[in-house]
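Report on the structure
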Amino acid sequence: MFHALVAVKQVPDTTNIRIDPDTGNLVREGVPAIMNPYDAHALAEAVRWKRQLGGKVTVVSMGPPSFISTLREAVELGADRGVLLTDRKFAGADTLATSYVLAETIKAIHEQDPIHLVFFGKQAIDGDTAQVGPGVAVRMGLPIVTYAVKIREVNLEEGRAVIERKTERWTEVVETSLPVLLTCEKEIAEIPFAPLPDLIRSLRYDPEMWTLEGPCPFALDQIGVKGSPTIVYKMGTPPLPQPGEKINARETGVEEAVKFALDKAAKAGIVQVILGGAR
Amino acid sequence: MTTRRFWVFIEQEEGKVHPVSWELLGVARMLASQVAAEAAAAGDVVAVEGVLLGDNVAHIAQEALYYGADRVYLFDDPVFAYYRNCPYYQTLATVSRKYSPEVFLIGATTLGRDLAGAVATSLHTGLTADCTGLEMGEVKGSVQRLLLATRPAFGGNIMATILCRSERPQMSSVRPRVFPMPERNPNAQGEIVREEVEATEESAMACVLEFIHSKGESVNIEYADVIVSGGRGLGTPDGLKLLQELADELGGVVGASRPLIDSGWISYAHQVGQSGRTVRPKLYIAAGISGALQHKVGMQNSDFIIAINSDPKAPIFDVADVGIVGDLYQVIPELLKQIRALKEATA
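Keep in mind that this is a model prediction, so the values were computed, not measured. The residue count restarts for each chain, going from 1 along the sequence in the order it is written. Labels follow written order: the first chain is A, the first ligand is 1, and so on. pLDDT decides what is reported in this predicted model: residues at 70 or higher carry local features, side-chain atom pairs at 80 or more are listed and counted, and totals for whole chains, interfaces and linings draw on all residues regardless. Based on all heavy atoms of the structure, the side-chain values leave hydrogens and waters out of the count.

1. Things to note about the overall build of chain B
Numbering of helices and strands runs from the N terminus, with a helix taken as a DSSP run of H or I at least four residues long and a strand as a DSSP run of E at least two residues long. For chain B, the count of helices and strands is 9 helices and 18 strands. Throughout, radius of gyration means the C-alpha value; the globule benchmark is 2.2 Å times the number of residues raised to the power 0.38. At 22 Å, chain B has a C-alpha radius of gyration in line with the 20 Å of a compact globule built from 347 residues. With the C-alpha coordinates aligned to their principal axes, the bounding extent of chain B is approximately 65 × 50 × 40 Å. Throughout, exposure labels follow a simple rule: accessible area from a 1.4 Å probe, protein chains only, divided by the maximum for the residue type, with under 20% read as buried, over 50% as exposed, and the rest as partly exposed. Within chain B, buried positions represent 59% of all 347 residues. The criterion used for residue contact is that any of the two residues' heavy atoms lie within 4.5 Å. Here the contacts in chain B between residues at least 6 apart in sequence split such that 65% fall between residues at least 24 apart. Each accessible area is a Shrake-Rupley estimate made with a 1.4 Å probe; only the visible protein chains count as cover when residues are assessed. Within the structure as shown, chain B displays about 13100 Å² of accessible surface, and the carbon and sulfur contribution to it stands at 50%. Both charge centroids of chain B, one from 30 positive and one from 41 negative side chains, sit 5 Å from each other. For the charge count, each Lys or Arg is scored as positive and each Asp or Glu as negative, with His and the chain ends excluded. Charged groups are reduced to one reference atom each: NZ for lysine, CZ for arginine, CG for aspartic acid, CD for glutamic acid.

Here it is as structure tokens:
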């Protein structure tokens with residue numbers, strides 16, 4: 001039976017974010033939280049294939065108990081099962097430690113119920129690292145398709161899939177074996193309106209809470225701060241640039257203001273750039 | 001005596017090198033020079049080295065020497081004819097274990113981002129993404145200088161400096177155009193070391209059936225000399241036509257800030273900023289862009305910046321060399337007129 005797993009992260013909405021000045025970590029309390037948008041689109045694609053092939057979608061997330069709301073949202077969008085990895089000792093993880101916990105968890109779920117497709121968003125909008133997906137693929141020994149924009153074909157019998165990925169240069173049509181891990185662009189799927197039964201189910205849904213107590217074993221030296229080779233050494237505000245000159249066209253007239261700007265550009269040696277342009 | 005190696009992944013596709021590779025050789029040379037005194041005192045040697053994978057790419061290895069590599073490790077084999085995650089990351093992890101580099105830099109391109117996380121995980125080491133500042137700095141408790149990797153965090157509001165104390169190599173990804181292009185020295189000498197290729201077609205786990213080259217939509221904003229960018233202040237998608245006219249006149253391309261991409265007026269390939277591309281053109285014109293930090297971090301290294309905004313308090317003016325407070329729909333037509341007149345006068 002078709003089984004897709006989607007890793008989702010809860011991220012702070014808007015740019016209205018605070019930093020704890022002592023630890024340098026993100027303060028999540030009091031900031032509106034949403035499902036990372038790339039993850040939401042990845043989930044929509046997983047659900048689309050479930051509706052086509054039958055089967056189920058499992059969602060996994062790592063974070064504090066407040067992440068339950070994001071797993072409920074996943075159920076609303078069509079996920080069947082939610083697992084929240086939550087333990088104080090998971091906290092402070094960098095991308096390496098995060099990929100360890102997720103990989104061990106996905107392996108455990110795979111043993112219970114074999115997985116064909118593992119979905120990630122291409123990156124999380126709070127960290128923008130795009131490192132966890134590739135890290136999990138390496139740890140699980142899975143092929144990876146990053147920047148996925150379309151799944152053309154999933155063939156469970158032959159154990160292969162055909163996926164389009166978009167790079168800076170072109171779009172690649174990739175054939176891989178199953179299971180495969182994808183990191184998805186938003187184009188992968190539109191987020192549909194939730195059918196009423198999913199909506200009702202999500203309201204009362206309680207995800208499974210996995211901790212260090214079980215059911216999946218974790219090596220203590222691989223998780224949280226201990227399992228993270230990188231540390232935040234210092235935080236600072238960006239250096240202030242030297243502001244240039246400003247002219248108000250409403251006072252001088254537009255012609256004068258433009259002349260002023262082009263004069264400055266000429267003095268800075270930019271005139272050849274301006275004159276060199278196509279005619 | 002040990003060799004402290006500063007490594008750069010030389011990215012190429014279809015035999016064409018990505019210029020970020022040369023920018024990173026420049027960075028690696030700078031980092032190497034920062035530990036030169038310390039290394040000399042300890043009797044160590046410092047080396048800037050490139051790692052290159054591809055099929056028939058020896059000419060690129062030679063070119064890497066001209067851009068500052070002391071040595072290039074070359075994996076030349078049909079299995080690397082085009083990029084795939086598995087054979088690439090496994091080869092880089094293996095060669096890293098063989099030579100134990102101290103620092104390993106990879107361009108934060110789509111290829112580099114696909115690769116860097118896999119290599120770092122395989123080597124069980126730290127990786128800092130999208131660094132905008134790199135230096136070898138003294139850190140309390142460490143005998144040798146460590147790589148201090150600074151990156152914008154949380155929308156560019158904060159600069160975070162990350163370090164990796166004990167695992168090696170210290171890895172960073174760096175976006176194109178964050179650092180300047182070093183001088184090419186065609187007299188530079190160096191060594192090309194051909195490495196044995198272990199990767200096989202069977203181990204690749206994936207194959208590309210087809211490459212689809214998109215038509216029209218091929219804007220190379222990162223390496224454009226002139227960029228004319230628009231933001232929310234355009235008011236209507238039609239405003240982009242005016243920007244295009246100015247960009248055409250200057251031989252440049254059109255850029256945009258995030259709100260225009262979010263509202264679907266223009267494609268992601270045009271986005272300048274932390275969640276888009278980093279650029280450093282000779283001339284950057286920002287029209288109707290307020291100047292959110294996330295935009296500024298992507299364009300503030302431009303040689304010359306002209307900002308046009310109707311709000312005199314717009315933060316974009318803080319990074320502009322010259323700012324025009326006014327209506328862009330009056331200012332840009334006037335700019336076009338005066339530029340055309342300048343061209344007539346010098347023709």
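2. Topic: the packing of helix α2 (residues 68-76) of chain A against helix α5 (residues 196-204) of chain A
All names here are of chain A. Following both chains from N to C, one finds α2 and α5 inclined at 160°, their axes separated by 7 Å at the closest point. In terms of orientation, α2 lies roughly antiparallel with respect to α5. Note that α2 runs across α5; the crossing there is right-handed. From α2, R72, V75 and E76 reach across to α5, where they touch D198, L199, R201, S202 and L203. Taken together, the residues of the contact of α2 with α5 sort by class into 3 nonpolar, 1 polar and 4 charged. Every axis in this analysis is a line fitted to C-alpha atoms, fitted for helices over the stretch in contact. Angles between the N-to-C directions lie between 0 and 180 degrees. We call two directions roughly parallel when the angle between them is under 35 degrees, roughly antiparallel when it is over 145, roughly perpendicular when it lies between 65 and 115, and oblique otherwise. Helix crossings get a hand from a simple test, with the near helix turned counterclockwise from the far one by less than a right angle marking a left-handed crossing and a clockwise turn marking a right-handed one. Just so you know the grouping, Ala, Val, Leu, Ile, Met, Phe, Trp, Tyr, Cys and Pro go in nonpolar, Asp, Glu, Lys and Arg go in charged, and all remaining residues, Gly too, go in polar.

3. Observations regarding the interface of chain A and chain B
Listed by partner, the interface residues are 77 residues for chain A and 84 residues for chain B. The three residues of chain A that bury the most area against chain B are E168, R169 and W170 of chain A, which together make up 10% of that side's buried surface. By convention in these notes, a salt bridge is any Lys or Arg side-chain nitrogen within 4 Å of a carboxyl oxygen on Asp or Glu. Here chain A and chain B share 2 salt bridges between them. A salt bridge links D114 of chain B to R165 of chain A, with the shortest nitrogen-to-oxygen separation between them at 3.6 Å. Whenever a nitrogen or oxygen atom comes within 3.5 Å of another N or O atom, the pair is scored as a polar contact, on the condition that within protein one atom can donate a hydrogen and the other can accept it, and that pairs from neighbouring residues in sequence are kept only if both atoms are in side chains. In this assembly, chain A and chain B are joined by 25 residue pairs in polar contact (both at pLDDT 80 or more). Sorting elements by how many residues they give to the side of chain A that touches chain B places helix α7 (residues 254-267) of chain A first, with 10 residues. Buried area counts how much accessible surface, traced with a 1.4 Å probe, disappears from two parts once they are put together, with both parts' losses summed.

4. Regarding helix α1 (residues 20-34) of chain B
Helix span, as expected, comes to 1.5 Å for every residue beyond the first. Relative to the 21 Å expected for 15 residues at 1.5 Å per residue, α1 of chain B spans 21 Å between its end C-alpha atoms, a close match to the ideal helical length. Of all the residues in α1 of chain B, the buried ones are V20, S21, W22, E23, L24, L25, V27, A28, L31 and A32 of chain B.

5. Examining the packing of aromatic side chains
Geometry of aromatic contacts follows a simple scheme: Phe, Tyr and Trp rings, the Trp one being its six-membered ring, pair when their centres are within 6.5 Å, and the pair is stacked under 30 degrees between planes, edge-to-face over 60, tilted otherwise. One pass over the full model with this rule turns up 12 aromatic pairs over all chains. Here the aromatic rings of Y100 of chain A and F218 of chain A are separated by 6.3 Å at their centres, their planes lie at 70°, and the arrangement is edge-to-face. Of the two residues, Y100 of chain A is situated in helix α3 (residues 95-112) and F218 of chain A in the loop between β13 (208-210) and β14 (230-236); the sequence distance between them amounts to 118 residues. Taken together, a centroid distance of 5.5 Å and an interplanar angle of 90° make the contact between W7 of chain B and F104 of chain B edge-to-face. Within this pair, whereas W7 of chain B is found in strand β1 (residues 3-10), its partner F104 of chain B is found in strand β6 (residues 103-107), the two being separated by 97 residues in sequence. Relative accessible area serves as the criterion here: at 0%, W7 of chain B is assigned to the buried category.

6. A word on the environment of G159 of chain A
Residue and element names in this part refer to chain A. With respect to the secondary-structure elements, G159 resides in the loop between β9 (144-155) and β10 (160-166). Overall, G159 belongs to the partly exposed group, its relative accessible area being 22%. Each C-alpha atom, one on G159 and one on P195, is 30 Å from the other, the two residues being 36 residues apart in sequence. When residues no more than four places from it in sequence are discounted, the contact partners of G159 are T176, S177 and L178.

7. Digging into the pattern of salt bridges
All names here are of chain B. Taken as a whole and assessed by the stated rule, the structure comprises 38 salt bridges over all chains. Close ionic contact of E38 with R4 constitutes a salt bridge, the shortest N to O distance being 2.6 Å. With E38 in helix α2 (residues 36-42) and R4 in strand β1, this pair connects stretches of sequence that are 34 residues apart. Notably, a salt bridge pairs R5 with E49, separated by 2.9 Å at the nearest N-O pair. On the criterion of sequence distance, the pair formed by R5 in strand β1 and E49 in strand β4 (residues 45-54) is long-range, its members being 44 residues apart. With respect to class, R5 is no different from E49; both count as buried. Each member of the salt-bridge network shares a partner with another, and the members are R4, E38, E102, E138 and R145.

8. Examining the sheet that holds β6 of chain B
All names here are of chain B. Pairing is parallel in the open sheet, where 7 strands are placed in the order β7-β11-β6-β1-β4-β5-β12. Each edge of the open sheet carries a strand with a single partner, namely β7 (127-128) and β12 (191-194). Looking at chain direction, β1 and β4 are connected through 8 bridges and run parallel. Within β4, the position partnered with F9 by the bridge is V51. Seen against the sheet, helix α5 (residues 110-123) touches β1, β6, β7 and β11 (170-174) and runs at an angle of roughly 150° to β6. In this analysis, strands are considered paired if DSSP registers two or more bridges between them.

9. Structural notes on the domain arrangement of chain B
The accessible area lost on association of the parts is a frequent measure of interface size. Residue and element names in this part refer to chain B. For chain B, the domain assignment lists domain 1 (3-204) and domain 2 (226-346). Where each domain starts and ends comes from a domain assignment, either automatic or drawn from a database. Summarising the inter-unit geometry, the C-alpha centres of domain 1 and domain 2 are found 34 Å apart. Contact with domain 1, which involves 10 residues of that partner, is made by 12 residues of domain 2. The junction of domain 1 with domain 2 conceals about 900 Å² of combined surface from both sides, 44% of it contributed by carbon and sulfur atoms. Counting across the domain 1 and domain 2 interface gives 0 salt bridges. Along the contact surface separating domain 1 from domain 2 lie 7 residue pairs in polar contact (both at pLDDT 80 or more). Among the residues making up the side of domain 1 that touches domain 2, the classes are represented as 5 nonpolar, 3 polar and 2 charged.

10. Observations concerning the sheet that holds strand β12 (residues 180-184) of chain A
Spatial strand order, β13(A)-β7(A)-β6(A)-β1(A)-β8(A)-β12(A)-β9(A)-β10(A)-β11(A)-β13(B): 10 strands in an open sheet with mixed pairing. Strands with a single pairing partner mark the edges of an open sheet, and in this sheet they are β13 of chain A together with β13 (206-212) of chain B. Ignoring strand direction, the axes of neighbouring strands in this sheet form an average angle of 30°. When strand β11 (residues 171-177) of chain A meets β13 of chain B, the two strands line up antiparallel, connected through 6 bridges. Bridged to V173 of chain A within β13 of chain B is E210 of chain B. This element, helix α1 (residues 37-53) of chain A, spans β1 (3-7), β6 (56-62), β8 (117-121), β9 and β12 of chain A of the sheet and lies at about 155° to β8 of chain A.

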